[in-house]
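# Secondary and tertiary structure notes
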Amino acid sequence: MIELTRAVYDDIVYHAYGGGEAEICGVLAGTHGDDGESSVVTESYEAENVAETPQIRYLIDPEEQLELIERAEADGLDVVGFYHSHPTGPTYPSETDAARATWPGHSYVICALDGYPFVGSWRWRGDDDGFEQETVAVRSER
């Protein structure tokens, strides 16, 4: 399970709407849950999508990603995972998402905007099984 504070959930959805037809992306930080424990996300860090085709792909510049990870760690937080949007769906990871996932045990949150916003999360297993869907819960406190 992954728990997002209400503020983080809202930030992801508003960031996705603000991206228009382009996918948006960022880093999620908080407390990383291992071995079946829930992860709790208390901060989101927006990143620029530098993909050549941002309407159907996302890519965080490696230098910016490192800066955001260092910023999270300086704030005393663990990297829980990453988020991006699918402006026209689907509500699950694409084949490209699976091919580019590189952080085993971490969450990949997708905000799909095809109709009502849907926020789902998948933990990358780092093996041939790929992603495992996880429950998303929203916490009222920060």
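Just above sits the structure.
A brief structural summary. (Residues numbered from 1 in each chain as written. Predicted model: local features only at pLDDT ≥ 70, side-chain atom pairs only at ≥ 80, totals over all residues. Heavy atoms only, no water.)

### Looking at the overall build of the protein
Secondary structure assignment for the protein yields three helices and eight strands. The order of helices and strands in the protein, counted from the N terminus, is β-α-β-β-α-β-α-β-β-β-β. Taking 14 Å as the expected radius of gyration for a compact globule of 142 residues, we find that the protein reaches 14 Å, a close match to that expectation. Taken along its principal axes, the extent of the C-alpha atoms in the protein is 35 × 35 × 30 Å. Per-residue burial for the protein yields a buried fraction of 47% across its 142 residues. (Helix = DSSP H or I, 4+ residues; strand = E, 2+ residues; numbered from the N terminus. Rg over C-alpha atoms; globule rule 2.2 N^0.38 Å. Buried < 20%, exposed > 50% of the residue type's maximum accessible area, 1.4 Å probe, protein only.)

### Here's the deal with the sheet that holds strand β2 (residues 25-31)
An order of β7-β6-β5-β4-β2-β3-β1-β8 is seen for the eight strands of this open sheet, with the pairing classed as mixed. The outermost strands of the open sheet, each flanked by one partner alone, are β7 (131-134) and β8 (136-139). Taking the axes of each pair of neighbouring strands and ignoring which way they run, one obtains an average angle of 35 degrees across the sheet. As judged from the four bridges shared by strand β6 (residues 118-124) and β7, these two strands associate in the antiparallel manner. Residue Trp122 lies in a different strand from β7, and its bridge partner there is Gln133. Those strands touched by helix α1 (residues 6-18) are β1 (2-5), β2, β3 (39-47), β4 (78-86), β5 (107-112), β6 and β8, and its axis lies near 80 degrees from that of β1. Packing against the sheet, helix α2 (residues 62-74) makes contact with β2, β3 and β4, and its axis sits at approximately 140 degrees to β3. (Pairing = 2+ DSSP bridges. Axes fitted to C-alpha atoms, helices over the stretch in contact; angles between N-to-C directions. Contact = heavy atoms within 4.5 Å.)

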